[in-house]
Amino acid sequence: MHKFILVAALAATAANLALAQNAPKNVEVTIDGVAGFQDTPLEPDGKWHVHDPARPQPPVVTPGNFSQLAAPPSDATVLFDGKDLSHWTDRDGNPPPWNVEDGVMVSAKRDVQSKEEFGDMQLHLEFREPTPPKGEGQGRGNSGVFLMGRYEIQVLDCYQSKTYADGATAGIYGQHPALVNACLPPGEWQTYDILFNVPHFSPSGEVLAPGYVTVLHNGVVTQNHQAIRGATNWKRPGKYTPHGPTGPIALQFHNNAVSFRNIWVRPMAVVNDP
């Protein structure tokens, strides 16, 4: 990593920690059965607060059966094939604390991340929400897929369950709600097919191009080449910190035992021809 970028990243991390420690506590409010916040910062477009409960809910659609148990292409890196967690560690590089049960990896104790790092990519994974469902809002089947370890696509049980729109299933957490709610009932396997283009930075740390993501949830487009506003955060807008061209895939443990299977990644070239 360029020396300036490394210094800038360390300084930004320290600044974010200081802000978090000194920030006043936000007051949770409930609007139409949705709990969230209206005293958090405004998103860059100035329309909604981060995690605003008044933000419109994604319309509900009933998905079809798209890519469940899709076989990995020949150029894919298989991160989980139902056998073991040899491709994973926790975020500190220690053995992953998740369990493998009947060919399924089940979240437990803390986040995990891939040993391999990826740049522009196609990602396939399948997840299953706990049943019977417990809790509501952000407490119901919460997990997440972190691209490059920092850009979260939300995993949540939003089947007949509401939460703040920018924290619902298939949203870019805290930034862009899903275009639609394509959730299946808890206990059924669901798919994410994700196309991701990495952000680019100048040697001085300036954002030359944001990251972009397209998400298909159960075969339904929920993010359409959507620009990411920076690292995803709770109660704060996204903000970029310069980083390298590749990063791990991380899966979140958020106090719910969410199951995953059939996880594979393949490199995806970016062609800029007109």
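Above: the structure in question.
Residues numbered from 1 in each chain as written. Predicted model: local features only at pLDDT ≥ 70, side-chain atom pairs only at ≥ 80, totals over all residues. Heavy atoms only, no water.

1. Here's the deal with the nonpolar core
- Counting residues in hydrophobic clusters, the biggest one holds 36 residues, and the most contacted among them are Met105, Val145, Leu147, Tyr192, Leu251 and Ile263.
- At the level of elements, strand E3 (77–80), strand E8 (121–128), strand E9 (143–147), strand E10 (151–155), strand E11 (189–197), strand E14 (212–217) and strand E17 (259–267) are the ones that each hand at least two residues to this core.
- Counting residues per element, this core draws most heavily on E8, at 4 residues.
- Among all residues touching Leu251, those that are not within four sequence positions of it are Trp88, Trp98, Met105, Asp111, Val112, Leu125, Gly144, Val145, Phe260 and Ile263. (Core = buried A, V, L, I, M, F, W, Y, C linked by side-chain atoms within 4.5 Å. Buried < 20%, exposed > 50% of the residue type's maximum accessible area, 1.4 Å probe, protein only. Helix = DSSP H or I, 4+ residues; strand = E, 2+ residues; numbered from the N terminus. Contact = heavy atoms within 4.5 Å.)

2. Here we look at the packing of aromatic side chains
- Tallied over the entire structure, the rule returns 7 aromatic pairs.
- Between the aromatic rings of Phe201 and Tyr240, the centroid separation amounts to 5.9 Å while the plane-to-plane angle is 70 degrees, which identifies the pairing as edge-to-face. Here the residue Phe201 occupies a position in strand E12 (residues 200–201), and Tyr240 occupies one in the loop between strand E15 (220–227) and strand E16 (250–251), the gap between them amounting to 39 residues. Assigned by exposure class, Phe201 and Tyr240 land together as buried.
- Counting every residue linked through ring pairs, the aromatic cluster contains Tyr151, Phe196, Phe201 and Tyr240.
- If you follow Lys235 out to its NZ or CZ, it ends over the ring of Phe37, 5.1 Å from the centre.
- Here Lys235 stacks its cationic end above the ring of Trp234, 4.1 Å away from the centre of that ring. (Phe/Tyr/Trp six-rings, centres within 6.5 Å; stacked < 30°, edge-to-face > 60°. Lys NZ or Arg CZ within 6 Å of the ring centre and 35° of its normal.)

3. Thoughts on the pattern of salt bridges
- Tallying each qualifying case throughout the model produces 8 salt bridges.
- Asp111 is the partner of Arg91 in a salt bridge, and the nearest nitrogen-oxygen pair spans 3.1 Å. In this pair, Arg91 is assigned in the loop between strand E4 (88–90) and strand E5 (99–101) and Asp111 in the loop between strand E6 (104–106) and strand E7 (112–114), connecting sequence segments 20 residues apart.
- Assessed through its relative accessible area of 17%, Asp111 is described here as buried.
- Taking the shortest distance from any N to any O, the salt bridge between Arg261 and Glu126 comes out at 2.8 Å. Of the two residues, Arg261 is situated in strand E17 and Glu126 in strand E8; the sequence distance between them amounts to 135 residues. The burial state of Arg261 is the same as that of Glu126; both residues are buried.
- Sharing partners across several salt bridges, the network here consists of Glu43, Asp45 and Arg229. (Salt bridge = Lys/Arg side-chain N within 4 Å of Asp/Glu carboxyl O.)

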